[in-house]
Amino acid sequence: MDVQTWTYLLVGITFTLYIGIAIWSRAGSTNDFYVAGGGVSPLANGMATAADWMSAASFISMAGIISFAGYDGSVYLMGWTGGYVLLALLLAPYLRKFGKFTVPDFIGDRYYSKTARIVAVICALIVSFTYVAGQMRGVGVVFSRFLEVDINTGVIIGMVIVLFYAVLGGMKGITYTQVAQYCVLIFAFMVPAIFISIQMTGNPIPQLGMGSQLNDGSGMYLLDKLNGLSTELGFAEYTDGKKSTIDVFMITLALMVGTAGLPHVIVRFFTVKRVKDARKSAGLALLLIAILYTTAPAVSVFARTNMINTVSNKEYASMPQWFKNWETTGLLAFEDKNGDGKIQYVADATKNELTVDRDIMVLANPEIADLPPWVIALVAAGGLAAALSTAAGLLLVISASVSHDLIKKVFVPTISEKGELWAARGAATVAVVIAGYFGINPPGFVAAVVALAFGLAAASFFPAIVLGIFYKKMNKEGAIAGMVIGISLMIFYMLKFKFGIFDGGKEAVASLEKDWWFGISPEGFGSVAMLVNFIISIVIMKFTPPPPEDVQEIVEDIRIPSGAGEASSH
Amino acid sequence: MSDKQKKASAYWRENVRYLFILLAIWFAVSYGAGIIFKDALNQIKMGGFELGFWFAQQGSIYVFVVLIFVYVRLMNSLDKKYGYNE
């Protein structure tokens, strides 16, 4: 069978599986819809969290980005895993004990204020929408490359599937489909990595293969070989990188704190039974995520070495079939500048003849390594699982923010349980349609904004939640001022240095780099905005009245793990 | 302060102490070994890996996983000690 047939087969089987699970686990109540009835086992929750978390960005883009950035790519590896330590130690157990449905629920109750709740809802919507548009786009790319349907048709198919199980099943449906999606995506990521590791180094464990000797008889270490190839072509040493230490530090911090502040991740810890289950499932989630995250840098090294070996200084006419396939998508392009018929792939932009989109590395990797067709098809199914599971989790946050936090808690408190459930389904439908629209007509800046969503989460939620738990005297004035100023500062920095809004638009962005505050890039600025949030909150608190007695009692209560009970809206 | 409150605040103090220790390790392996002292550690080779690079792309992640499970165990026994387990 060829790749095409295998892809139809594997994608068809996995989609049928997801839909079957969704029908089996329909939501009957708002409790089911928002927190899956609160009875999910720690292992199932860990798997669902891992699938929820690992998006098209983790599955498709990350290894590719690292393979071009080398050491600098470490910010994603540490940033997107280290956040779980913060989540497990500082947030998850306490939020579970608090026992409500959403993050704005916590902010609104802890800071005894509708304003705080609305500010939190707006932050949650900004973060989730920017993120979900990127996922729909990822679905479209996979469909267009592997099933040869048009990108727009791909997005629409993806929309229908997500709509089906998110709207029908709510959190309950999503949780159990995500368990299945985790299995699909991790299998799809590991199989080619293991194959290639054996091919290149003889070691079946990619994490070790990355640091092993090549098995071409030279006895040379793979990483030394890659460092040599990189410097030869004028790139930075792979294990060294170009970013300044302070920028690497700040970006890592922003990604870690942003991870801990992302509403679609936090909300998963509302679905388990007891506080100790919340801790344990955070650990399991990170363990399951770490399997992919420690394999990804190995894939990057293999892919980079393989690619350079295949193309560098070789005749264009002798390129293998995958090269031509990707050329037709426009994601790979060759321009023979010196007319010698060979491919010069070098750091110097005036001489370089090959442009490679970073996103194709993971998808093209099995083809570059000449693996069997079913492995290539598996990668397509895995990419779809990663994109769909994250999209569904985000849509749920959006729909809960609207139906629960806005309609039920602010505008129509008298709404019946049934009415709220229908409002949630309606909101999810509208959100899917909007996300699909952006997937089909991506505003040029989707990718940039997705990275910045972490900065926004770091600058807004993280300080408010941590202070709410660890600082009993924190009051609403401090928290609201901190969130508003933190997120505004982040948005300002992003508009100024990422979009060049104040200096003549996109063209000016590159020239503004020297003006970065303290040499910190917009991706790392979330760390600064977070610190500002903390400082503002504490200063304002000192000059305003302390929170009422009963709120201080709530804080004392969430610090004690026993008696968590069911999540409830009362 | 009632006995119940005393117990609660003793529990909280121990919890916060654990957090400080675990987060210090969290900081040391990622920001310390993987970023600030990366160049110095890169002088040391472990198989084909330069050590600073290994911490940044592998080691810190393994330590993160271990940290959470250590935390789970510490807290479970702390809960038992204070009778908060269920």
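Residues numbered from 1 in each chain as written. Chains lettered and ligands numbered in written order. Predicted model: local features only at pLDDT ≥ 70, side-chain atom pairs only at ≥ 80, totals over all residues.

Chain B appears in an unreviewed UniProt entry as DUF4212 domain-containing protein from Euzebyella saccharophila.

As recorded in an unreviewed UniProt entry, chain A goes by the name Sodium:solute symporter family protein, listed as coming from Euzebyella saccharophila. Of the comments in the UniProt record for chain A, the one headed Sequence similarities (unreviewed entry) reads "Belongs to the sodium:solute symporter (SSF) (TC 2.A.21) family." Of the comments in the UniProt record for chain A, the one headed Subcellular location (unreviewed entry) reads "Membrane". (UniProt positions renumbered as here; feature names shortened; annotations may be inferred.)

Within chain B, the secondary structure is distributed over 3 helices and 2 strands. Reading the helices (α) and strands (β) of chain B from amino to carboxyl end gives α-α-β-β-α. Relative to the compact-globule value of 12 Å for 86 residues, chain B shows a C-alpha radius of gyration of 18 Å, a clear excess of over 25%. In terms of overall dimensions, chain B has C-alpha extents of about 60 × 25 × 15 Å along its principal axes. When burial is assessed residue by residue, chain B has 35% of its 86 residues classed as buried. The contacts of chain B with a sequence gap of at least 6 include a subset with a gap of at least 24, amounting to 49%. (Helix = DSSP H or I, 4+ residues; strand = E, 2+ residues; numbered from the N terminus. Rg over C-alpha atoms; globule rule 2.2 N^0.38 Å. Buried ≥ 20, exposed ≤ 12 C-beta atoms within 10 Å, placed from the backbone. Contact = placed C-beta atoms within 7 Å.)

Our next topic: the overall build of chain A. Broken down by element type, chain A carries 21 helices and 2 strands. Taken against the 2.2 N^0.38 rule, which gives 25 Å for 570 residues, the C-alpha radius of gyration of chain A at 24 Å falls within 12% of a compact globule. With the C-alpha coordinates aligned to their principal axes, the bounding extent of chain A is approximately 75 × 55 × 45 Å. Expressed as a percentage of its 570 residues, the buried residues of chain A come to 58%.

Here we come to the environment of A:Leu89. Topologically, A:Leu89 is positioned in helix α5 (residues 74-98). Assessed through the 22 C-beta atoms surrounding it within 10 Å, A:Leu89 is described here as buried. Taking the C-alpha atoms as reference, A:Leu89 lies 9.2 Å from A:Ala282; in sequence the two are 193 residues apart. Contacts of A:Leu89, omitting those with residues within four sequence positions, involve B:Leu19, B:Leu22, B:Leu23 and B:Tyr71.

Moving on, we come to the packing of helix α15 (residues 360-368) of chain A against helix α16 (residues 373-411) of chain A. Residue and element names in this part refer to chain A. Relative to each other, α15 and α16 sit at 170°, their axes nearing to 9 Å. When the interaxial angle is binned, α15 and α16 end up roughly antiparallel. Where α15 abuts α16, its residues Val362, Leu363, Pro366 and Glu367 lie against Val375, Ile376, Val379 and Gly383. When its residues are assigned to classes, the contact of α15 with α16 shows 6 nonpolar, 1 polar and 1 charged. (Axes fitted to C-alpha atoms, helices over the stretch in contact; angles between N-to-C directions. Parallel < 35°, antiparallel > 145°, perpendicular 65-115°, else oblique. Nonpolar A, V, L, I, M, F, W, Y, C, P; charged D, E, K, R; others polar.)

Time to look at the interface of chain B and chain A. Between chain B and chain A, the residue contacts involve 33 residues of the former and 40 residues of the latter. Residue assignment for the side of chain B that touches chain A shows that the elements contributing at least two residues are α1 (3-36), β2 (49-50) and α3 (51-81) of chain B. Among the elements that take part in the side of chain B that touches chain A, α3(B) stands out by supplying 16 residues, more than any other. Grouping the constituent residues of the side of chain B that touches chain A by class yields 22 nonpolar, 8 polar and 3 charged.

Bringing helix α14 (residues 321-329) of chain A into the picture now. Residue and element names in this part refer to chain A. Considered for burial, the residues of α14 that qualify are Trp322, Phe323 and Trp326. Projected down its long axis, α14 carries its buried residues within an arc of 105°, all on one side. More than 90 degrees from the buried face of α14, the exposed residues found are Gln321, Lys324 and Thr328. At its buried positions, α14 is contacted by β1 (332-334) and α15. (Arc of directions from axis to C-beta.)

Once that is clear, we can look at the UniProt feature "domain: Sodium symporter small subunit" (unreviewed entry) in chain B. UniProt records the feature "domain: Sodium symporter small subunit" (unreviewed entry) for residues 9-84 of chain B in the present numbering. For residues 9-84 of chain B, helix accounts for 83% and strand for 5%, while the C-alpha atoms at its two ends are 13 Å apart.

All names here are of chain A. Its identity is not glycine, yet Asn313 carries a phi of approximately 65°, on the positive side. Among the secondary structure elements, Asn313 is positioned in the loop between α13 (275-311) and α14. For Asn313, a count of 12 C-beta atoms within 10 Å puts it in the exposed group. Residues other than glycine seldom take positive phi values, yet Asp370 does so here, at roughly 65°. Tracing the sequence through the fold places Asp370 in the loop between α15 and α16.

Residue and element names in this part refer to chain B. Under the UniProt annotation, "transmembrane region" (unreviewed entry) lies at residues 16-37 and 52-72. Secondary structure content for residues 16-37 is 95% helix and 0% strand, while the C-alpha to C-alpha distance between its ends is 28 Å. With 100% helix and 0% strand, the stretch residues 52-72 has end C-alpha atoms that lie 28 Å from each other.

At a minimum axis distance of 10 Å, the contact between helix α11 (residues 245-261) of chain A and α1(B) shows a crossing angle of 150°. Classed by the angle they form, the pair α11(A) and α1(B) counts as roughly antiparallel. Crossing angle aside, the handedness with which α11(A) passes α1(B) is right-handed. Between α11(A) and α1(B), the contacting residues are A:Thr245, A:Val248, A:Phe249 and A:Thr252 on the first element and B:Ser30, B:Tyr31, B:Ile35 and B:Ile36 on the second. Looking at side-chain class alone, the contact of α11(A) with α1(B) contains 5 nonpolar, 3 polar and no charged residues. (Left-handed = near helix turned anticlockwise from the far one by under 90°.)

With that settled, consider the confidence of the model for chain A. Caution applies to low-pLDDT parts of the model: their predicted coordinates are not meant to be read in detail. Per-residue confidence for chain A gives a mean pLDDT of 87; residues scoring 70 or more make up 97%. Across chain A, the element-wise mean pLDDT spans from 79 in helix α2 (residues 30-35) of chain A up to 96 in helix α20 (residues 525-542) of chain A. (pLDDT = per-residue confidence, 0-100.)

A word on the environment of A:Ser144. Residue and element names in this part refer to chain A. Within the secondary structure layout, Ser144 lies in helix α7 (residues 114-146). As for Ser144 and Phe502, which are separated by 358 residues in sequence, their C-alpha atoms are 37 Å apart. Not counting residues up to four positions away in its chain, the partners in contact with Ser144 are Val149, Asp150, Ile151 and Gly154.

Moving on, we get to α1(B). An ideal rise of 1.5 Å per residue puts 50 Å on 34 residues; α1(B) measures up with 46 Å between its terminal C-alpha atoms. Of all the bends found along α1(B), the most pronounced is centred on B:Ala28 and spans about 30°. Of the residues making up α1(B), those classed as buried are B:Trp26, B:Val29, B:Ser30, B:Ala33, B:Gly34 and B:Ile35. The secondary structure elements touched by the buried residues of α1(B) are α5 and α11 of chain A together with α2 (38-41) and α3 of chain B. (Expected span 1.5 Å × (residues − 1). Bend = angle between axes of the 7 residues up to and from the residue.)

With that out of the way, let us pick up the confidence of the model for chain B. All names here are of chain B. Put simply, chain B has an average pLDDT of 93, and 99% of its residues get 70 or more. Mean pLDDT across the secondary structure elements of chain B bottoms out at strand β1 (residues 45-46), with 88, and peaks at α3, with 95. Interface confidence in the predicted complex, given as ipTM, is 0.96; pTM for the same model is 0.91.

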